[in-house]
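Chains, contacts and geometry: an overview
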Amino acid sequence: MNQTCDLSSKHCLPCEGGVSPLSKETAKGLLSKVSEWKMNAEATLITRRFAFKNFYKTMAFVNAIAWIANQENHHPDMEVGYNYCVVKFSTHAIKGLSENDFICAAKVDELGYIAP
């Protein structure tokens, strides 16, 4: 079983705050388990940009992410345009990253995205 599958087989745990965000070192370790995601310098956000051939494919992808987010009760910020989607995960309640962000990123990776 590869590392991405390890994360994608997990489920998000409720986070209402009161816990510390992941350390930069721990976040870097989890970042290595998800494909093409980037982490900001403060280790508070992971981001990935996806490109598509048209609006329909973009929206189908966005809807698939919405389904994942609702199943996991962990919701990304997204920027959506005609042929792209930028997905950003952060755990707002702790103002940083939690394992939930990487679990959802791994689940997004499993959607089978193929660049145009």
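What this report covers is the structure whose coordinates are included nearby. Because the structure is a prediction, the values reported are computed rather than measured. (Residues numbered from 1 in each chain as written. Predicted model: local features only at pLDDT ≥ 70, side-chain atom pairs only at ≥ 80, totals over all residues. Heavy atoms only, no water.)

Turning to the pattern of salt bridges, a few remarks are in order. Following the criterion strictly, the structure yields five salt bridges and no others. The salt bridge involving Asp109 is made with Arg48; its shortest N-O contact spans 2.7 Å. Taken together, the residues span a long stretch of sequence, with Asp109 in helix H4 (residues 99-109) and Arg48 in strand E2 (residues 46-51) at a distance of 61 residues. With relative accessibility at 16%, the residue Asp109 sits in the buried group. Note on Arg48: relative accessible area 7%, which makes it buried. One salt bridge connects Glu72 with Lys107, and the closest N-O pair in it is separated by 3.5 Å. Separated by 35 residues along the polypeptide, Glu72 in helix H3 (residues 55-72) and Lys107 in helix H4 bring together distant segments of the chain. The exposure class assigned to Glu72 is buried, which follows from its relative accessible area of 8%. Members of the salt-bridge network, linked through shared partners, are Glu36, Arg48 and Asp109. (Salt bridge = Lys/Arg side-chain N within 4 Å of Asp/Glu carboxyl O. Helix = DSSP H or I, 4+ residues; strand = E, 2+ residues; numbered from the N terminus. Buried < 20%, exposed > 50% of the residue type's maximum accessible area, 1.4 Å probe, protein only.)

Let us now look at unusual backbone geometry. Unlike most non-glycine residues, Glu36 shows phi in positive territory, near 65°. For Glu36, a relative accessible area of 57% translates into the label exposed. Notably, Lys95 is not glycine yet its phi reads approximately 55°, a positive angle. Tracing the sequence through the fold places Lys95 in the loop between strand E4 (84-89) and H4. Lys95 sits in the exposed class, given a relative accessible area of 71%.

The biggest cluster of nonpolar side chains holds 25 residues, and the ones touching the most others in it are Val34, Trp37, Ile46, Phe89 and Phe102. For this core, the secondary structure elements donating two or more residues are helix H2 (24-31), E2, H3, E4 and H4. Ranked by the residues each element gives to this core, the list is headed by H4, at six residues. Apart from residues lying up to four places away in sequence, Phe102 is in contact with Leu7, Leu22, Ala27, Leu30, Leu31, Val34, Ile46 and Leu97. (Core = buried A, V, L, I, M, F, W, Y, C linked by side-chain atoms within 4.5 Å. Contact = heavy atoms within 4.5 Å.)

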